[in-house]
Structures are given as C-alpha cells and as structure tokens.
Amino acid sequence: MSSDEDVAAVSRHTHFIGKKENMIRARRVVKSVGERDVLVIYHQGDFHAIDVRCYHSGGPLQEGDIEDFDGRTCIVCPWHKYKITLAEGEGLYQAVDPSVKPLKPTWCSKGIKQRVHTVTVSNEDVFLTLNDSPGPIDSDYYQTEKYRNTFLKE
Ligand code: FES
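Residues numbered from 1 in each chain as written. Predicted model: local features only at pLDDT ≥ 70, side-chain atom pairs only at ≥ 80, totals over all residues. Heavy atoms only, no water.

The number of helices and strands found in the chain is three helices and 11 strands. Reading the chain from its N end, one meets helices and strands in the order α-β-α-β-β-β-β-β-β-β-β-β-β-α. Across the 154 residues in the chain, those meeting the buried criterion constitute 38%. Carbon and sulfur atoms make up 50% of the accessible area of the chain, which totals about 9000 Å². (Helix = DSSP H or I, 4+ residues; strand = E, 2+ residues; numbered from the N terminus. Buried < 20%, exposed > 50% of the residue type's maximum accessible area, 1.4 Å probe, protein only. Areas by Shrake-Rupley, 256 points an atom, 1.4 Å probe, with all protein chains shown as cover.)

What follows is the structure, given as structure tokens:
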C-alpha cells in the first residue's frame, strides 16, 4: 500500500469529533460517526470511547455511573447495573464458589461485550477511530438501523 493509500485507509475510519477543551468540559458526549453511535468520555485525564447502547438490552450508557471494580474502571449501565470496563469493553460480574467457605465473591469476566473505539488528540483536536475488528461483539446488535432510529428519537 502506498502512503496515499495509507492516509485514505486511516481517514475512512477516523473522524474529527471536537476540540479538546470542549470535550473535556463536556466530560461525556454521544457522537454519531459513520454508522455507529459512540459515547466519548473524559475521565481522570483520559478519553474513552464505547458503543453508547449497552450490550445487554440497549441501555443508555451515557447515563451510567463510572466506578472502579477490582481495580478496573467501568461504566455501570443505568438499566440493570451491568459493569463494563471502559478500556476493553469487558463485561464483569461477581461469582461465588459455594464449595469454598466462608463464601467470598470474586470478580470474573464475561469477555469483550461492548465495542470500544480509539480516541486520539492532535493539536487540540480530538479524533475518533472506529474499531472495525471483524467478528461480532454483543453491542453491535444495538447499532443496527432499527435500534439507532428507536433510541435516538427518545
Ligand atoms: Fe444495560 Fe441491562 S441494558 S444492564
């Protein structure tokens, strides 16, 4: 691939989404980019980007609290309190081994459930690069036209 083709390939998936100062002030914004609706969060000095509708049942993650669980920063879906790591989109849950007394819950992973995207900052401009990795991720279901039209009108 030539360097011109490299630039074209990158720009197809990378989109300017705002000025850094404004994005930091807003803390959370929902951006419709390409065919996805993405929640961009500024939290403790870092930007994160994640599909806006929860993989479980389409809950509005833009209204979720951010908390640390087992040392990992998660967004907590406001609908059924599922915990999703901001960095990887991993679903976390607590489990108990009934054969071990006293019972002690431990954090476990369901694997990657929510598609996360990449945010970069250049010259005070913020860019979003969509994660187009192949293979379905559960949150993809809520990026279909049916759900985008339903949820965006609410
Ligand atoms: Fe998010 Fe159920 S829709 S936890």
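On we go from here.
With that settled, the discussion passes to the sheet that holds strand β1 (residues 14-19). Across the sheet, six strands lie side by side as β1-β11-β10-β4-β3-β2; this open sheet has antiparallel pairing. This sheet does not close on itself; its edge strands, each paired only once, are β1 and β2 (28-33). With strand direction ignored, the average angle separating the axes of adjacent strands in the sheet is 30°. Pairing of β2 with strand β3 (residues 36-43), which is carried by six bridges, proceeds in the antiparallel orientation. Residue pairing across strands places Arg28 opposite Ile41, the latter belonging to β3. (Pairing = 2+ DSSP bridges. Axes fitted to C-alpha atoms, helices over the stretch in contact; angles between N-to-C directions.)

Once that is clear, we can look at the pattern of salt bridges. All chains considered together, the criterion is met by 10 salt bridges. Here Arg53 and Asp37 are joined by a salt bridge, their closest N and O atoms 2.7 Å apart. Placement of Arg53 in the loop between β4 (46-51) and β5 (65-69) and of Asp37 in strand β3 is noted, with a sequence separation of 16 residues between them. Among the residues examined, Asp37 registers a relative accessible area of 0% and is labelled buried. A salt bridge links Arg72 to Glu88; the shortest N-O distance between them is 3.1 Å. With Arg72 in strand β6 (residues 72-76) and Glu88 in the loop between β7 (83-85) and β8 (90-95), the pair connects residues that are 16 residues apart, well separated along the chain. For Arg72, a relative accessible area of 25% translates into the label partly exposed. The exposure class assigned to Glu88 is partly exposed, which follows from its relative accessible area of 33%. (Salt bridge = Lys/Arg side-chain N within 4 Å of Asp/Glu carboxyl O.)

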